[in-house]
Amino acid sequence: MLGSLSGRSGIRAAHVTNLTVTTTTGAGHLPVAPDPNSAHAYQYGYAVKPPRPTTSALNWTAGKDVSNLVQAKTGPHGVIGLWNQSSREVHYIVDWFVEYDAY
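Residues numbered from 1 in each chain as written. Predicted model: local features only at pLDDT ≥ 70, side-chain atom pairs only at ≥ 80, totals over all residues. Heavy atoms only, no water.

**As for the packing of aromatic side chains**
- Under the definition given, this model contains one aromatic pair.
- Here W60 and Y92 contribute two aromatic rings whose centre-to-centre distance is 6.0 Å and whose plane-to-plane angle is 80°, an arrangement assigned as edge-to-face. Note that W60 is positioned in strand β5 (residues 58–60) and Y92 in strand β8 (residues 91–100), a separation of 32 residues in sequence. (Phe/Tyr/Trp six-rings, centres within 6.5 Å; stacked < 30°, edge-to-face > 60°. Helix = DSSP H or I, 4+ residues; strand = E, 2+ residues; numbered from the N terminus.)

**Looking at the nonpolar core**
- One finds L19, V21, L30, V32, A57, L58, W60, V70, A72, I80, L82 and V90 forming the largest nonpolar core, which totals twelve residues.
- If you list the elements that add at least two residues to this core, you get β2 (14–22), β5, β6 (66–73) and β7 (79–82). (Core = buried A, V, L, I, M, F, W, Y, C linked by side-chain atoms within 4.5 Å. Buried < 20%, exposed > 50% of the residue type's maximum accessible area, 1.4 Å probe, protein only.)

**Remarks on the sheet that holds β2**
- Sheet architecture is open: three strands sit in the order β6-β2-β8, paired in antiparallel fashion. In this open sheet, the two edge strands, each paired with only one partner strand, are β6 and β8. Geometrically, the sheet is characterised by an average inter-axis angle of 20° between neighbouring strands, direction not taken into account.
- In terms of strand pairing, β2 meets β6 through eight bridges, oriented antiparallel. Across the sheet, V21 pairs through a bridge with V66, a residue of β6. (Pairing = 2+ DSSP bridges. Axes fitted to C-alpha atoms, helices over the stretch in contact; angles between N-to-C directions.)

Listed below in structure tokens is the structure:
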């Protein structure tokens, strides 16, 4: 797993982010999904490896900069997970726009 985003003001139902890949050296895709871990679990090294999603939020080919606006549901602790599905080096930019509750 590449990383995770955690809500700043408590547990939220979803995040809206803009994901961008740049400096791509090979093709790949980036799944985004709810993460069952808490930010604390990642910080102190006891996070469990969540199952890898089967869908992608962002796809790219070598040498391309690509972005996509993504709405992602959070896990039970308000965290979303990002998975790098490329065998080559790539840089990610994650712009976090908003988190919100769903009623």
